[in-house]
Every structure is written in C-alpha cells, then in structure tokens.
Amino acid sequence: MIVNPISYPGNKNKLLSQIIPELPNNCSQIVEIFCGSGVVSINSNIDNILLNDISIHAIDLLNYFYTTSFENIISQIENIIFEYKLTYTYKEGKANYIELKHEGLSNYNREGYQKLKNDYNKQNDINKLIVLLIYGFNHYIRFNNDNQFNVPVGKVDLSSSIYKNLKLFVNHIKSKNISFSNKDFREQSLYQDKKAIYYFDPPYLITNAPYNSNWNIDDEKDLLNLLDDLNDKGIKFALSNVILSNGKENTLLKEWSKKYTTLILKRQYRNANYQKKNITDTIEVLIKNY
Ligand SMILES: C[S@@+](CC[C@H](N)C(=O)[O-])C[C@H]1O[C@@H](n2cnc3c(N)ncnc32)[C@H](O)[C@@H]1O
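Owing to the predicted nature of the structure, the values given are computational and were not obtained by experimental measurement.

Rules used in this analysis
- Residues numbered from 1 in each chain as written.
- Predicted model: local features only at pLDDT ≥ 70, side-chain atom pairs only at ≥ 80, totals over all residues.
- Heavy atoms only, no water.
- Helix = DSSP H or I, 4+ residues; strand = E, 2+ residues; numbered from the N terminus.
- Expected span 1.5 Å × (residues − 1).
- Buried < 20%, exposed > 50% of the residue type's maximum accessible area, 1.4 Å probe, protein only.
- Contact = heavy atoms within 4.5 Å.
- Polar contact = N/O pair within 3.5 Å; in protein donor to acceptor, adjacent residues only side chain to side chain.
- pLDDT = per-residue confidence, 0-100.
- Near = heavy atom within 4 Å.
- Areas by Shrake-Rupley, 256 points an atom, 1.4 Å probe, with all protein chains shown as cover.
- Nonpolar A, V, L, I, M, F, W, Y, C, P; charged D, E, K, R; others polar.
- Patch = residues over 30% accessible without salt bridge, like charges linked within 9 Å, V, L, I, M, F, W, Y side chains within 5 Å.
- Salt bridge = Lys/Arg side-chain N within 4 Å of Asp/Glu carboxyl O.
- Domains from an automatic or database assignment.
- Core = buried A, V, L, I, M, F, W, Y, C linked by side-chain atoms within 4.5 Å.
- Axes fitted to C-alpha atoms, helices over the stretch in contact; angles between N-to-C directions.
- Parallel < 35°, antiparallel > 145°, perpendicular 65-115°, else oblique.
- Pairing = 2+ DSSP bridges.

Thoughts on helix 9 (residues 217-232)
Logical step 1: Between its first and last C-alpha, helix 9 extends 23 Å over 16 residues, near the 22 Å set by a 1.5 Å rise per residue.
Logical step 2: All of the buried residues along helix 9 are D219, E220, L223, L224, L226, L227, D228 and L230.
Logical step 3: Along its buried surface, helix 9 packs onto strand 4 (197-200), strand 5 (236-245) and helix 10 (251-257).
Logical step 4: A side-chain oxygen of the first residue of helix 9 lies 2.9 Å from the backbone nitrogen of D218; this N-cap is N216.
Logical step 5: Residue G234 follows helix 9 closely and has a positive phi angle near 75 degrees.

The structure is reproduced here in structure tokens:
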C-alpha cells in the first residue's frame, strides 16, 4: 500500500488492506468526502477520484503532489532543510546524532524549525509547510484561529522511510484522474454522481484527537441523515468510524448502523500491549449499504 508522507493522525494507513477490498469495482468514481491524506482513494482500484476536505491545506498539499514532479518537490524541500540547518538523516545517516530517549532529533532541530515556522506563517509557502509537517510533532497539521501553523518540533526528520514514501506517493498519485474540492460535507453539489461510491471518514465523535475537537453531535446527526438520503436514492456509501473508544460508546452510531452492514476492523500493532488494549478498548468499523 502507498501511504502519504504527510501521514497526519487519523489516517487509515493501517486499515487500508481491510478497507480497499470492500470498495465496489463497478462504479464511475470514488468520492472521498473527508479525504485528509487521501490514502483510501489513492490505493483503491478506481481511477476516477474526487478528493474533498474542509481543510484547504489538506487539499492544497494533495493538489501540489498531483501536479508537481518528485524531483521538483525534493529539490525545494532540500533547499529549505539546508537553509534552516535541519538534520537530514536520509542523506547524512544517524551516526552524527545522539538521540535522547523521548526526544529523538528534536534538540537538533528546535531552533531551525521555530524560525521556519515563523517564516511560513508570514509567507505560506507550500514547500515550507511540507517540511514543517515532516519535522513537526506527530506530523500534526494544526492551525490556530488566526490561521497560524502552531505545532512544535517533533522527534524525526526527513528519514529514508519518509523520503521513500514521498517518492512513491508523488509518483503514484499521478496515475489517477483526480479532481479536488474544498467543501463542507453537507454541500449537496458533492453528491451528483449516482454511480459513484462515496467513502466517508469523518472526525470521530468519541475520540479525543485534536483534529476531532470541532466535530459535535449535530455534525454527526447531519452526516447520518445524509447517508440515509444517499441510501434512499440508491447511491452506494461506506463509512469508517469507531463504535467504542477508551470505554466510550457511540450509541447513536451503533443504533443507526443496524440498518446497514457493519464490518469490525482489526488494527495491526507491533507492540503486544497495544494489541491487547485495542481489543478491549476500541472497536473500529466500516459500515456500508451494499
Ligand atoms: C479522520 S480525518 C480523515 C483521514 C483520512 N481518511 C486519511 O486516511 O488520511 C477527518 C478529516 O475530515 C475533515 N473534516 C472535518 N470536518 C469536515 C467537514 N465539515 N466537511 C468536510 N471535511 C471535514 C478534516 O479536515 C480531516 O481531514
């Protein structure tokens, strides 16, 4: 599977192998309404794609990867890494750096990253944003109310795995036929193609991730009503969500889902403790009407 190098939290990377086979083959296009990093559509077997997200930054990044060559992107990113004196372990290796536990490379990059963040918040250059996301804490994409990027430095840099993912993603996305859109999910113009599969991965009502904080019960109800409307019109949809998280249950979703087919997904964790915790605390699902 091909993952977006800007793999911000909430992405479906670890569930792709379970979601992709559930998407129907005989549809005109896949419309991904809450696309984030876009990995579900981009890994699907469907060539025609509409990627929508309310975050203009998510859409700008995907559009940039779609329209710009890897060579062009990497040379601009490298210029920024050198200008701001950030570490670059893909090229330099790790031998030069002492990584303290829990801190990784953050001490080496803190000063340059802060300067880069200040400059990005004045100029909004997309290559600077890519570097901030690669070097930022947990790769969060987060802006404050004044639209200022406000994530602190993270532990990692442009490593060989991120370099490899960037190259694969930027090359693979060009093999698809993609349109982009930056609308709220309630916008009816998104739902004009009756032969499409509509895939939804909204923020989750019952988890605490920072990108979920603006999602409330009214949004959840609007979404579930919208899905019922699609179903009434004979339009196919698939919805990713969690029914149970850290002991909290989404009873509204659980009741609603009984009308449709619910598949329980299993996350793959390397660490056995996570696996145990996941089984008891979180139930991730794919709910579909076909
Ligand atoms: C769980 S993330 C999607 C992750 C994505 N499936 C991936 O694998 O990267 C939810 C996304 O919904 C977007 N979003 C939040 N509210 C929205 C709204 N009202 N309309 C459309 N998109 C919204 C967020 O910007 C975020 O990118």
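Some words on the confidence of the model for the protein
Predicted coordinates in areas of low pLDDT are best not read in detail.
Logical step 1: Chain-level pLDDT for the protein is 92 on average; 93% of the residues reach the 70-or-more range.
Logical step 2: Predicted confidence for residues 270-278 stays below pLDDT 50, and this span has six contacts to residues more than four positions away or in other chains.

A look at the site of the ligand
Logical step 1: Around the ligand lies a shell of 19 residues, among which K12, S37, D53, D184 and D201 are the nearest.
Logical step 2: In the environment of the ligand, an oxygen atom lies 2.6 Å from a nitrogen or oxygen atom belonging to the side chain of S37.
Logical step 3: Between the ligand and F185 there is a distance of 3.1 Å, counted from a nitrogen atom to a backbone nitrogen or oxygen.
Logical step 4: Within the complex, 91% of the 610 Å² of free accessible area of the ligand lies under protein.
Logical step 5: Tallied by class, the residues present in the shell around the ligand amount to eight nonpolar, five polar and six charged.

Brief notes about a nonpolar patch on the surface
Logical step 1: Judged by side-chain polarity, I98, L100 and Y108 come together as a nonpolar surface patch covering roughly 310 Å² of accessible area.
Logical step 2: You can see I98 is positioned in the loop between helix 5 (89-92) and helix 6 (106-123).
Logical step 3: Judged by relative accessible area, I98 falls into the exposed class, the value being 64%.

A short note on unusual backbone geometry
Logical step 1: With a phi close to 55 degrees, N124 is a non-glycine residue in the positive phi region.
Logical step 2: On the secondary structure map, N124 appears in the loop between helix 6 and helix 7 (126-135).
Logical step 3: Positive phi outside glycine occurs at N138, with the angle close to 55 degrees.
Logical step 4: Among the structural elements, N138 can be located in the loop between helix 7 and helix 8 (160-172).
Logical step 5: Taking relative accessible area as the criterion, N138 reaches 44% and is therefore assigned partly exposed.

Thoughts on the domain arrangement of the protein
Logical step 1: Each domain of the protein was delimited in the assignment, giving domain 1 (13-54 + 183-288) and domain 2 (63-170).
Logical step 2: Summarising the inter-unit geometry, the C-alpha centres of domain 1 and domain 2 are found 29 Å apart.

Observations concerning the nonpolar core
Logical step 1: Within the largest apolar cluster, 58 residues are counted, with the highest numbers of intra-cluster contacts made by F65 and L158.
Logical step 2: Looking at this core, the element that brings in the most residues is helix 7, giving seven residues.
Logical step 3: Residue-level mapping places this core at the junction of two domains, with at least three residues from each of domain 1 (13-54 + 183-288) and domain 2 (63-170).
Logical step 4: W215, L224, L239 and V285 belong to the second largest nonpolar core, which has 25 residues in total.

Description of the environment of E111
Logical step 1: Mapping E111 onto the fold places it in helix 6.
Logical step 2: Residues E111 and L86 lie 25 residues apart in sequence; the distance between their C-alpha atoms is 8.9 Å.

Remarks on the packing of helix 3 (residues 56-67) against helix 7
Logical step 1: Here helix 3 crosses helix 7 at 105 degrees, and the two axes come no closer than 11 Å. Comparing the axis directions of helix 3 and helix 7 gives the class roughly perpendicular. Contacts between helix 3 and helix 7 involve H57, D60, L61, Y64 and F65 on the former and, on the latter, I126, N127, L129, I130 and L133.
Logical step 2: Of the residues assigned to the contact of helix 3 with helix 7, the class counts are seven nonpolar, two polar and one charged.

A word on the pairing of strand 4
Logical step 1: Residue alternation in strand 4 divides its side chains into two sets, I197 and Y199 and Y198 and F200, and both sets are buried.
Logical step 2: Both strand 1 (residues 30-32) and strand 4 contribute to a ladder of three bridges, which runs parallel. If you follow E32 over to strand 4, its bridge partner there is Y199.
Logical step 3: For strand 4 and strand 5, the ladder comprises four bridges, and the chain directions are parallel. Among the inter-strand pairings, Y198 is bridged to a residue of strand 5, identified as F237.

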